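These are the residues of each chain, in order.
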Amino acid sequence: MMDSIVFGFFCLSILGTFLNSTWLQILAGLFLAMVAIGAHNFAHLKHNWRTYCLDLTWASSFEFRISHVFSHHCFPNTILDAELSLFEPILEFLPKANKNWIQRHGPIVYNHVLYSILFGMAFLTRWMRVIERKQLLRPEFLLVWFHLALCLVIGSDMTSGLTSWVTTQLTCSYFYHLCAINSAHHAPSIFHDGDEARKDPDFGLCQLDAVRERSDSLIQNSLFVQLVVLGEHSLHHLFPTICNSKLKYIRAVFEETLEEFGENFPAMSSWDHFKGCLEQLRRSSPKSIEERKAEEAKFSSKSK
């Protein structure tokens, strides 16, 4: 499945560059975003070539494993979560009283620019550090340059080849972050550092407090869609080193355990997640457990 997406990306990128078609280049960028999101699943497993598919983008699998595996998965939605602090102060997900008007209301506009350039900012920072010898040059860092070389060779001239590469990478960055930031972790009903925490915290339950599954049937019932949009995210946070394709085998016992202990984490639609993310960015005051449960009551769909 992952292999087919990678193959589709290369075909679209080659064709888009050869024909100098902006639409095909954008489509190639969408496929590259799916490759990058799919690589997330394999980054949690032992070393394998699919992990390094992320390095075809302006991002880095090496850096991702540090910020995502060691930080985000251990401390989701807390001040120790690098996937929150990396966006500050442009995106302030935590309920801080000192948020200004732009931080609260600006993201609905500038998020779409930010999504497009985040990978590029990381790319420039990484290579500046490599050039300054502050960071080791890792072999996988060169994969993104292979894509550039491919575009330059196939393009009618250097400008068209470079334009194709940049268009594809910007599109990839946009769709990757559109999905990653809006898919599971941010809404007023979801715990963020500063909110009231559980009195007797359990690591697994605290993980579930900081994530919500999506209720869309297309995501619930398709392994392919789950792979490319970060599906089965609640189970993934409990069992990150289990391949996404195997999570379905433990879902039943997971639901039985939640029911046994009287825990309920209502799923939200993708649209509710998208709106909830903007609402969370506007939020400047902490919520109690009761207030977050009242927010959850808005969602009629329930986790399966």
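Residues numbered from 1 in each chain as written. Predicted model: local features only at pLDDT ≥ 70, side-chain atom pairs only at ≥ 80, totals over all residues. Heavy atoms only, no water.

Draft legend 1. Quick peek at helix 15 (residues 289-296). What helix 15 keeps buried is the set Ile289, Arg292, Glu295 and Glu296. Around the axis of helix 15, the buried residues are gathered within 115 degrees of arc, so they sit on the same side. (Buried < 20%, exposed > 50% of the residue type's maximum accessible area, 1.4 Å probe, protein only. Helix = DSSP H or I, 4+ residues; strand = E, 2+ residues; numbered from the N terminus. Arc of directions from axis to C-beta.)

Draft legend 2. A look at a nonpolar patch on the surface. On the surface, a nonpolar cluster with roughly 320 Å² of combined accessible area is contributed by Val113, Ile117, Met121 and Leu170. Of all the elements, helix 6 (residues 107-131) adds the most residues to the nonpolar patch, at three residues. You can call Ile117 partly exposed: its relative accessible area is 36%. (Patch = residues over 30% accessible without salt bridge, like charges linked within 9 Å, V, L, I, M, F, W, Y side chains within 5 Å. Areas by Shrake-Rupley, 256 points an atom, 1.4 Å probe, with all protein chains shown as cover. Salt bridge = Lys/Arg side-chain N within 4 Å of Asp/Glu carboxyl O.)

Draft legend 3. Main features of the layout of surface pockets. Considering only enclosed or pocket space, the largest pocket measures out at about 920 Å³ in volume. Ser67, Glu83, Leu86, Phe87 and His177 are, among the 38 residues lining the largest pocket, the residues nearest its centre. Put simply, the parts of the chain that give the lining of the largest pocket at least two residues each are helix 2 (22-43), helix 3 (61-72), helix 4 (82-85), helix 6 and helix 8 (158-182). Here the residues of the lining of the largest pocket are counted per class, giving 19 nonpolar, 13 polar and six charged. (1 Å grid on protein atoms, 1.4 Å probe; cavity = no way out; pocket = protein on both sides within 12 Å on 5 of 7 lines; lining within 4 Å. Points joined across faces, edges and corners; volume = space filled by probe spheres on them. Nonpolar A, V, L, I, M, F, W, Y, C, P; charged D, E, K, R; others polar.)

Draft legend 4. Representation of unusual backbone geometry in the model. The amide bond that connects Glu88 to the next residue, Pro89, takes the cis arrangement and shows omega of 5 degrees. Although it is not a glycine, Arg133 adopts a positive phi angle of roughly 60 degrees. Among the secondary structure elements, Arg133 is positioned in the loop between helix 6 and helix 7 (143-154). Despite not being glycine, Leu230 has its phi angle at roughly 60 degrees, a positive value. Relative to the helices and strands, Leu230 is located in the loop between helix 11 (223-229) and helix 12 (233-238). We classify Leu230 as buried; its relative accessible area is 10%.

Draft legend 5. Inspection of the packing of helix 7 against helix 8 at higher detail. In the contact formed by helix 7 and helix 8, the axes pass within 7 Å of each other and the chain directions differ by 140 degrees. Classified by the interaxial angle, the pair formed by helix 7 and helix 8 is oblique. The interaxial crossing formed by helix 7 with helix 8 has right-handed handedness. Contacts from Val144, Trp145, His147, Leu148, Cys151 and Leu152 of helix 7 reach helix 8 at Met158, Gly161, Leu162, Ser164, Trp165, Thr168 and Gln169. When its residues are assigned to classes, the contact of helix 7 with helix 8 shows eight nonpolar, five polar and no charged. (Axes fitted to C-alpha atoms, helices over the stretch in contact; angles between N-to-C directions. Parallel < 35°, antiparallel > 145°, perpendicular 65-115°, else oblique. Left-handed = near helix turned anticlockwise from the far one by under 90°. Contact = heavy atoms within 4.5 Å.)

Draft legend 6. Geometry of the packing of helix 2 against helix 3. The interhelical angle for the contact between helix 2 and helix 3, taken along N-to-C directions, is 65 degrees, at an axis separation of 11 Å. Taken as axis vectors, helix 2 and helix 3 run roughly perpendicular relative to one another. Here helix 2 and helix 3 pass one another in a crossing that is right-handed. When helix 2 is examined against helix 3, the residues His40, Phe42 and Ala43 are found in contact with a partner set consisting of Phe64, Arg65 and His68. Taken together, the residues of the contact of helix 2 with helix 3 sort by class into three nonpolar, two polar and one charged.

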